[in-house]
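Given next are the chains, with one letter for each unit.
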Amino acid sequence: MGPVPHPPHHIVFGPGIVDRLGGLVAELGVERAFVVTDPGIVAAGHWARAEEALRAADIEVRRFDAVRENPTSLDVDRCVEALGSWDASCLIGLGGGSSIDVAKGCAFLQAGGGSMADYRGNGKARGNLLPIVAVPTTAGTGTEMQSFALIGEEETHRKMACGDAQALPALAVLDPSLTVTQPRFVTACTGFDALGHAVETAVTRERNATSAHFSSLAFKILVEHLPRVLDDPGDVDARGQMMIGAAWAGYAIEHSMLGAAHSMANPLTSQFGVVHGQAVGMSLLPVVRYNASDPEASRLYAELARGAALAASESTDAEAVAALVARLEELLGVAGFGLSLAAHGVPPSAAEVLAPEAAEQWTAQFNPRAVSAEGFVELFREACSGGDGVDP
Ligand SMILES: [Fe+2]
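Residues numbered from 1 in each chain as written. Predicted model: local features only at pLDDT ≥ 70, side-chain atom pairs only at ≥ 80, totals over all residues. Heavy atoms only, no water.

Draft legend 1. A look at the coordination of the iron ion. For the iron ion, the full set of protein donor atoms is D193 (OD), H197 (NE2), H262 (NE2) and H276 (NE2), and the range of their distances to it is 2.1 to 2.3 Å. With 4 donor atoms in place around the iron ion and angles of 82 to 168 degrees between them, the coordination shape is irregular. In primary sequence terms, the donor set of the iron ion follows D-x3-H-x64-H-x13-H. In this pair, H197 sits in helix α6 (residues 184-201) while H262 sits in helix α9 (residues 260-272), placing the two residues 65 residues apart along the sequence. Residue H197 is classed as buried on the basis of its relative accessible area of 3%. (Donors = N, O, S within 2.8 Å, 3.2 Å for Na, K, Ca; no water. Tetrahedral: all angles 85-135°; square planar, octahedral: opposite > 155°, others 65-115°. Helix = DSSP H or I, 4+ residues; strand = E, 2+ residues; numbered from the N terminus. Buried < 20%, exposed > 50% of the residue type's maximum accessible area, 1.4 Å probe, protein only.)

Draft legend 2. How the structure looks around helix α7 (residues 209-231). In a regular helix each residue adds 1.5 Å, so 23 residues correspond to 33 Å; α7 covers 34 Å between its end C-alpha atoms and thus fits that length. Along α7, the sharpest kink reaches roughly 30 degrees, centred on H225 and followed within four residues by the proline P227. Among the residues making up α7, those that are buried are S211, F214, S215, A218, F219, I221, L222, V223, H225, L226, V229 and L230. Its buried side turned inward, α7 meets α6, α8 (236-256), α11 (295-307) and α12 (317-334). (Expected span 1.5 Å × (residues − 1). Bend = angle between axes of the 7 residues up to and from the residue. Contact = heavy atoms within 4.5 Å.)

Draft legend 3. Fine view of the packing of aromatic side chains. Taken as a whole, this structure holds 7 aromatic pairs when the rule is applied. Aromatic pair F192 and F337: ring centres 5.7 Å apart, planes at 45 degrees, arrangement tilted. Linking F192 in helix α6 with F337 in the loop between α12 and α13 (351-360), this pair joins segments that are 145 residues apart in sequence. On the accessibility criterion, F337 (3% relative accessible area) is buried. Among the aromatic residues, those joined into a ring-pair cluster are F185, F192 and F337. For R369, the ring lying beneath its charged end belongs to Y290, and the centroid distance is 3.8 Å. (Phe/Tyr/Trp six-rings, centres within 6.5 Å; stacked < 30°, edge-to-face > 60°. Lys NZ or Arg CZ within 6 Å of the ring centre and 35° of its normal.)

Draft legend 4. Main features of the side chain of S89. Mapped onto the secondary structure, S89 falls in the loop between α4 (73-83) and β4 (90-95). Taking relative accessible area as the criterion, S89 reaches 18% and is therefore assigned buried. Only 3.0 Å separates the side chain of S89 from the backbone nitrogen of E31, close enough to count as a polar contact. (Polar contact = N/O pair within 3.5 Å; in protein donor to acceptor, adjacent residues only side chain to side chain.)

Draft legend 5. Quick peek at the pairing of strand β2 (residues 32-36). Extensive coverage of β2 is indicated by the burial of 5 of its 5 residues. A two-sided burial pattern is seen for β2, the buried positions comprising R32, F34 and V36 on one face and A33 and V35 on the other. Where β2 and strand β3 (residues 60-64) come together, 5 bridges link them in parallel fashion. When the bridges of β3 are listed, A33 appears paired with V61. (Pairing = 2+ DSSP bridges.)

Draft legend 6. Seen up close, the domain arrangement of the protein chain. Segmenting the protein chain into domains produces domain 1 (10-178) and domain 2 (184-385). Inter-centroid distance (C-alpha atoms) of domain 1 to domain 2 is 26 Å. Across the contact, 23 residues belong to domain 1 and 24 residues belong to domain 2. In this assembly, domain 1 packs against domain 2 so that about 2,000 Å² is buried in total across both faces, 67% of it on carbon and sulfur atoms. Three residues stand out in domain 1 for area buried against domain 2, namely A139, M145 and R158, and they jointly supply 27% of the buried area on that side. Counting across the interface, domain 1 meets domain 2 through 1 salt bridge. Across the pair R158 and E360 runs a salt bridge whose closest N-O atoms are separated by 3.0 Å. The interface formed by domain 1 and domain 2 includes 3 residue pairs in polar contact (both at pLDDT 80 or more). Those elements giving two or more residues to the side of domain 1 that touches domain 2 turn out to be β7 (148-152) and β8 (159-163). (Domains from an automatic or database assignment. Buried area = accessible area lost by both parts, 1.4 Å probe. Salt bridge = Lys/Arg side-chain N within 4 Å of Asp/Glu carboxyl O.)

Draft legend 7. Quick look at the environment of L21. Relative to the helices and strands, L21 resides in helix α1 (residues 21-26). Of the residues examined, L21 reaches a relative accessible area of 0% and is grouped as buried. Separated by 32 residues in sequence, L21 and A53 place their C-alpha atoms 5.7 Å apart.

Next comes the structure, spelled out in structure tokens:
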């Protein structure tokens, strides 16, 4: 590991705070902002709000609005081309994790040239990166709290984790009003992604005291408020809590990395088009069960459950882990995902095809229990069949 990462220099939170974006960015000494976003954000009117706020503070603004979901090196190349030789003084990622990650990727290439693959790993920045401002419009990835960009290879869509302390956003603007118009499915997927981050970071081999604190805090917040935002999408208080929970879970990743559920999620997305958060959520149950046979992982899951009042303080580890599993099952039902990926087009017979790619993922190495390619076959069978390991 390189230097200990630190949270964004400045985090601001509040419904409607995006309307103060201009003043907040101006405080960083920014005069020309290049905004990286996607067509959905433009259509939703979020871009117009951000642009108005920036122009009101006399900040010159240009934009790249063609970021795709699960962005690849091609998205970053297109963004760099759109930026051209314009003398931007910061890059603003406005959108889900994709736009923020492409803004980070653009910063790497703008400063040091080459292609995204050159920056795979940690501490690979060349020269001085433009400051990043993150304005998330979902409560999910937590990339606004991280020095890493997750960018797919264009050919294979395999994720490359490209990190450097300079890529950590200088400013994160958390405005829950940007999330209230999301379709329920998007809320469920992003919410389960964040929940998956909280649960996985709690037990990884890389975890430390800092990540443990933020994993626990994030889990407690997310597990309470995810059902609320699914029940009432207009509940801005609950939306705000989800945004904070997702941010803390994202910060836990910075210190702890992720685990086997994220290794499973990537091939589910690349091979079957399952949305990341849903793939994480539905992979999480078999992974928790698998890891819980390790006494230390079981103890950590139990602490997570007790910390969120899912189990009594005097409960045994086995009782508390059972309560955690039961709550995850319940939430998967509330989200409309259920327990079986077969119901979403991934039959148990796909396990053999998915497992090799899962075993190659960079997150697999941090899972508390080692998982072989054969082990992933079993985990996929369980996720696809809803827990009993057989075809439904
Ligand atoms: Fe994730």
